[in-house]
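For reference, the chains in residue letters:
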Amino acid sequence: YTWGELLRQVRSIAYRLTQEGVEFGDRVALIGENHPKWAAAYLGTIYRGAVMVPLDPHGEIETITNFLENSEAKVAFLSPDQTDRFRQIEEKLGRHIPAVVWNLETSSNGFHAFEDWAATDFPDDFAAQEPPAKDKDMAVLMYTSGTTGTPKGVPLTHANIVSELEGVNYVLKLSDKEKILSLLPLFHAYLQIVNLWIATTYGCEVGYLKELTPDELSKAMK
């Protein structure tokens, strides 16, 4: 993906969220394995001014259900391996959440195709506008693992993100010559800082592994 292709997808997703009734500050869940489309969904949500809720794709169904209920998520982005689990989550939740799935090979069965969302036409004036969020507005809602008690939602504002970026760049002096290999799960805050915030701000190239094996890791690092 080039920067131009990614920006086009981000704006398409942001505009489609608007068309689907996702308002400024609404929560949007993201459940899936590491993938460039995970990144596009994340960035498109934040571009819209909605709040991203990244969740562990291997989390317990009961736990994810609680997080979706607590966050009041309006839409969910999913990897294709999450569709069966998501149906179970909806049953427990007792309400329907529109879900957008990337690389869905079978019939949609009620799911939206990510590729359609990422190709949504948007007007020129939408692209010309600055994204609506300000420093104090929430950008991401991170849920703790709950190892020391009941899991809690931790809000991160756009100012929090900028502060992280400035602190990291003060030490590393980043440029568009950097290449970043994605290893840890993207639902972790650390990987979001490195793979999404730093990369898209300083123009770094990001690589994703199809599978985390010694052979694939060795090839990717070379």
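The notes below deal with the structure included here. (Residues numbered from 1 in each chain as written. Predicted model: local features only at pLDDT ≥ 70, side-chain atom pairs only at ≥ 80, totals over all residues. Heavy atoms only, no water.)

## Some points on the packing of helix H7 (residues 158-172) against helix H8 (residues 189-202)
Axis separation between H7 and H8 bottoms out at 11 Å; the angle between their running directions is 80°. When the interaxial angle is binned, H7 and H8 end up roughly perpendicular. Along the contact surface, H7 presents Ile-161, Glu-164, Leu-165, Glu-166, Val-168 and Asn-169, while H8 presents Ile-193, Trp-197, Ile-198, Thr-201 and Tyr-202. (Axes fitted to C-alpha atoms, helices over the stretch in contact; angles between N-to-C directions. Helix = DSSP H or I, 4+ residues; strand = E, 2+ residues; numbered from the N terminus. Parallel < 35°, antiparallel > 145°, perpendicular 65-115°, else oblique. Contact = heavy atoms within 4.5 Å.)

## Thoughts on the environment of Lys-37
Relative to the helices and strands, Lys-37 is located in helix H2 (residues 36-48). Accessibility expressed as a relative area gives 12% for Lys-37, which makes it buried. Separated by 42 residues in sequence, Lys-37 and Ser-79 have C-alpha atoms that sit 8.9 Å apart. If we skip the residues at most four places from it in the chain, Lys-37 touches Tyr-1, Trp-102, Asn-103, Phe-114 and Glu-115. At 2.6 Å, the side chain of Lys-37 forms a polar contact with the side chain of Asn-103. (Buried < 20%, exposed > 50% of the residue type's maximum accessible area, 1.4 Å probe, protein only. Polar contact = N/O pair within 3.5 Å; in protein donor to acceptor, adjacent residues only side chain to side chain.)

## Let's talk about the nonpolar core
Counting residues in hydrophobic clusters, the biggest one holds 47 residues, and the most contacted among them are Tyr-42, Phe-77, Phe-114, Val-140 and Trp-197. A total of eight residues in this core trace back to one element, the largest contributor, which is H2. Counting 21 residues, the second-largest nonpolar core is a separate cluster that includes Ala-29, Val-51, Ala-73 and Val-101. (Core = buried A, V, L, I, M, F, W, Y, C linked by side-chain atoms within 4.5 Å.)

## Quick notes on the pairing of strand S3 (residues 75-78)
Neither face of S3 is exposed, since Val-75 and Phe-77 on one face and Ala-76 and Leu-78 on the opposite face are all buried. Note that the unit made of S3, helix H4 (residues 83-93) and strand S4 (residues 99-101) has a crossover that is right-handed. (Right-handed = clockwise from strand over helix to strand, strands pointing away.)

## Thoughts on H7
With 15 residues, H7 extends 21 Å from end C-alpha to end C-alpha; this agrees with the ideal 21 Å at 1.5 Å per step. If you check which residues of H7 are buried, you get His-158, Ile-161 and Leu-165. Down the axis of H7, the sector holding all buried residues measures 60°, keeping them to one side. Facing away from the buried surface of H7 by more than 90 degrees, the exposed residues are Glu-166, Tyr-170 and Val-171. In this structure, the buried side of H7 is in contact with H2, strand S6 (138-143), strand S7 (153-157) and H8. (Expected span 1.5 Å × (residues − 1). Arc of directions from axis to C-beta.)

## Overview of the packing of helix H3 (residues 61-71) against H4
Relative orientation of the contacting elements H3 and H4 amounts to 60°, with a least axis distance of 9 Å. The angle between the axes of H3 and H4 places the two elements in the oblique class. As for the relative orientation of H3 and H4, their crossing is right-handed in sense. From H3, Ile-61, Glu-62, Ile-64, Thr-65, Leu-68 and Glu-69 reach across to H4, where they touch Arg-85, Phe-86, Gln-88, Ile-89, Lys-92 and Leu-93. (Left-handed = near helix turned anticlockwise from the far one by under 90°.)

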